[in-house]
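So you can see what is in the structure, the chains are spelled out below.
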Amino acid sequence: MSNRIEPGVVAICGSLRDSSRTRIALKEALAASEEAGATTELVDLRNYELPSLNAVDTDVPDAKKLRETVDQADSVLLGTPNYHGSYSGALKNALDYCSRDEFEGTTVGLLEVAAGEFPGSALIHLRTVSRTLRAWALPNEVAIPDSSSVVDENRIKDSGISERTHRLGRELALYAGVAEYPEKVPRTAVATDSTTNQ
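Below you will find a few notes about this structure. Quick caveat, the model's predicted, so the values are computed rather than measured. (Residues numbered from 1 in each chain as written. Predicted model: local features only at pLDDT ≥ 70, side-chain atom pairs only at ≥ 80, totals over all residues. Heavy atoms only, no water.)

1. Some points on helix α5 (residues 121–132)
How we decide: Strands are runs of DSSP state E lasting at least two residues, helices are runs of H or I lasting at least four, and both sets are numbered from the N terminus onward. Here a helix's expected span is defined as the number of its residues, less one, multiplied by 1.5 Å. Relative accessibility thresholds used throughout: buried, under 20% of the residue-type maximum; exposed, over 50%; partly exposed, between the two (1.4 Å probe, protein chains only). What the arc describes is the spread of directions from the helix axis to the C-beta atoms.
End to end, α5 covers 17 Å across twelve residues, agreeing with the expected 16 Å (1.5 Å per residue, within 8%). Taken as a whole, α5 has its buried residues at Ala122, Leu123, Leu126 and Ser130. Down the axis, α5 shows its buried residues gathered within 95° of arc, on one side only. Away from its buried face by more than 90 degrees, α5 exposes Ile124 and Arg131. With its phi angle positive at about 65°, arginine 134 sits one or two positions after the end of α5.

2. A few points about the pairing of strand β1 (residues 8–13)
Here is the rule we go by: A pair of strands is labelled paired if DSSP reports no fewer than 2 bridges between them. Here is how to tell: hold the view so the strands point away, follow the path from the first strand over the helix to the second, and if it runs clockwise the crossover is right-handed.
In terms of burial, β1 is largely enclosed, as six of its six residues are buried. Every second residue of β1 is oriented toward a common face, with Gly8, Val10 and Ile12 on one face and Val9, Ala11 and Cys13 on the other, all of them buried. Bridge analysis of β1 against strand β2 (residues 39–44) gives six bridges, and the strand direction is parallel. Residue pairing for β2: isoleucine 12 is matched across the bridge by valine 43. On the question of chirality, the crossover connecting β1 to the parallel β2 by way of helix α1 (residues 21–35) is right-handed. Here β1 pairs with strand β3 (residues 75–81) via five bridges, running parallel. Within β3, the residue paired with isoleucine 12 across the bridge is leucine 78.

3. Concerning unusual backbone geometry
Look at histidine 84: it is not a glycine, yet its phi comes out positive at around 55°. With respect to the helices, strands and loops of the structure, histidine 84 is situated in the loop between β3 and α3 (89–96). The phi torsion at aspartate 146 lies on the positive side, around 45°, for a residue other than glycine. Within the secondary structure, aspartate 146 sits in the loop between β6 (142–144) and α6 (147–150).

Okay, here's the thing in structure tokens:
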């Protein structure tokens, strides 16, 4: 986690397609994070050389770069297409290169893009992964159905889904560092009357 005044929000795109609707949706969320005062970065896995993880050989330069980027983030947005009811292999492999060292205490947002009518299963799986990494997954999440008609080459066309995506982006900025909240929030002394507690 960084020590910057403005929160740093990083989005990891689990789609490798050049015309990825997941990437378009993530960019919308990041724009909302910027409007809320955050600095942002899109991790485009097309630009990372991450061979299938071999746990014996983890000395991969781009994996080190990914870990450093996640470690410096105050919030991380995980975006994935829905592949066979779960999240993409590219995102799974990228997350396998990371550990609790990078994610613990980090605020995490979840976004899924599906070609069909019933997205959401990938979000359930990513929420479990986030919990295992000891990250703080936001309650608000985005599931985009029928992506070919909902997302064009520039934006999310559905106003309700667009607003939910913007809300997620804002919350990634607003709730960055949520793991430190108990120490930051002043405790109020509760006045007690001894006569009522007997």
